[in-house]
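# Per-entry structural report
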Amino acid sequence: MRQFRRIIVNDITYWWLFRFDDYDYQNYPYLLIVMDSHPHATLKLVFSIHDHFLLNEGLPASLQGNAVSINLNRPLFVSQLIVQCRKNGETFEQQGYKRLDGVQLLTQIGYTISPLFLDI
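To start, this report covers the structure provided alongside it. (Residues numbered from 1 in each chain as written. Predicted model: local features only at pLDDT ≥ 70, side-chain atom pairs only at ≥ 80, totals over all residues. Heavy atoms only, no water.)

Of note, the phi angle at N10 is positive, near 55 degrees, even though the residue is not glycine. In this structure, N10 sits in the loop between β1 (5-9) and β2 (12-19). (Helix = DSSP H or I, 4+ residues; strand = E, 2+ residues; numbered from the N terminus.)

What follows is the structure, given as structure tokens:
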């Protein structure tokens, strides 16, 4: 079983885990983020893309005209998503899960993802 990984963003400790249900290809990949001081509050960022392996191997995208490969197993992208959630007013203090659109958050950060990869 995979374990949560620790990340510190702006002096706050979070735990995160990127998952996709490899036994059931009907579900979208997701990223779970928990603030260390509020372990019962979890943000679940769901990514509605065709091929769930792309976020594990690298989803082709662009940022400010430069080609990038989004891999949610890399802390860089997780920290960017946490910062964007904070900018959007997420407090990480609710009880239980709060579901957010991960693709929308990536777009807010400035990433452009081809509609060919999205499951709209």
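Now that the structure has been shown, we can carry on.
For the rest of this paragraph, the subject is the pattern of salt bridges. The tally for this structure, following the rule as stated, stands at one salt bridge. For K98, the salt bridge identified is with E90, shortest N-O distance 2.8 Å. Note on K98: relative accessible area 33%, which makes it partly exposed. Judged by relative accessible area, which is 12%, E90 ranks as buried. (Salt bridge = Lys/Arg side-chain N within 4 Å of Asp/Glu carboxyl O. Buried < 20%, exposed > 50% of the residue type's maximum accessible area, 1.4 Å probe, protein only.)

Turning next to the side chain of R19. Among the structural elements, R19 can be located in strand β2. R19 has contacts with R2, P29 and Y30, leaving out every residue within four places of it along the chain. (Contact = heavy atoms within 4.5 Å.)

Moving on, we get to the pairing of β2. Inspection of the sheet shows β1 paired to β2 by five bridges, in the antiparallel sense. Among the inter-strand pairings, I7 is bridged to a residue of β2, identified as Y14. Following β1, the chain reverses through two residues before pairing antiparallel with β2; N10 in that reversal takes a positive phi of roughly 55 degrees. Examined bridge by bridge, β2 and strand β3 (residues 30-35) share six bridges and lie antiparallel to one another. (Pairing = 2+ DSSP bridges.)

For the rest of this paragraph, the subject is helix α2 (residues 75-87). Between its first and last C-alpha, α2 extends 18 Å over 13 residues, near the 18 Å set by a 1.5 Å rise per residue. Where α2 is concerned, the buried positions are F77, V78, S79, L81, I82, Q84 and C85. Where α2 terminates, the next one or two residues include G89, which has phi positive at roughly 95 degrees. (Expected span 1.5 Å × (residues − 1).)

Every buried residue of helix α3 (residues 102-109) is accounted for by G102, V103, L105 and L106. Down the axis, α3 shows its buried residues gathered within 160 degrees of arc, on one side only. In the core, the buried residues of α3 are packed alongside β4 (41-46), β6 (66-70), α2, β7 (96-101) and β8 (111-113). In the stretch just after α3, G110 is the one whose phi turns positive, near 125 degrees. (Arc of directions from axis to C-beta.)

Okay, the sheet that holds β4 next. On the basis of which strands lie adjacent, the open sheet formed by five strands has the order β1-β2-β3-β4-β7 and mixed pairing. The open sheet has two edge strands with one neighbour each: β1 and β7. For this sheet the average axis-to-axis angle between neighbouring strands, irrespective of direction, equals 30 degrees. For β4 and β7, the ladder comprises six bridges, and the chain directions are parallel. Along β7, the bridge assignment pairs K44 with R99. (Axes fitted to C-alpha atoms, helices over the stretch in contact; angles between N-to-C directions.)

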